[in-house]
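# Coordinate inspection notes
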Amino acid sequence: MENFQVMIDETKALVQEYLTNKDKRPSYMLEKQLVFILIELDKMEQTRNCHMFYPYYPKGISDSWDYSNPLGAKLLELLALYCKLYH
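Attention in this report is confined to the structure presented alongside it.

What counts and how
Residues numbered from 1 in each chain as written. Predicted model: local features only at pLDDT ≥ 70, side-chain atom pairs only at ≥ 80, totals over all residues. Heavy atoms only, no water. Core = buried A, V, L, I, M, F, W, Y, C linked by side-chain atoms within 4.5 Å. Buried < 20%, exposed > 50% of the residue type's maximum accessible area, 1.4 Å probe, protein only. Contact = heavy atoms within 4.5 Å. Salt bridge = Lys/Arg side-chain N within 4 Å of Asp/Glu carboxyl O. Helix = DSSP H or I, 4+ residues; strand = E, 2+ residues; numbered from the N terminus.

## Remarks on the nonpolar core
Formed by 24 residues in total, the largest nonpolar core has its most connected members in L34, L41 and Y57. L34 has contacts with V15, Y18, L19, R25, M29, W65 and L71, leaving out every residue within four places of it along the chain.

## So, the pattern of salt bridges
Evaluated as defined, the whole model comprises five salt bridges. Between E45 and K12 there is a salt bridge; the shortest N-O distance is 2.5 Å. With E45 in helix 2 (residues 31–47) and K12 in helix 1 (residues 2–20), this residue pair connects regions lying 33 residues apart in the sequence. You can call K12 buried: its relative accessible area is 18%. A salt bridge links K22 to E31, with the nearest nitrogen and oxygen atoms 3.8 Å apart.

## Details of unusual backbone geometry
Non-glycine residue R48 carries a positive phi angle of around 50°. Along the polypeptide, R48 turns up in the loop between helix 2 and helix 3 (57–64).

None of the figures reported here should be taken as evidence of function without further support.
As structure tokens, this is what we get:
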């Protein structure tokens, strides 16, 4: 569980970095989408139950993001851990 908290903190920092450094953000990442991801990460952190809350962000990633992007990979890795720990 401690590992989940560390991972969620790291992921939030990455999202925030893309929000802050717009020049480094790929064109397929929209600011609105990143803000929504931060909200979903907060909900995951608070709920800790994938049956009560399952984030929408994986759909957005699979529909339009480059799979080699480190943030996308980190978000999907976090989701896998979330579902494993909190099912």
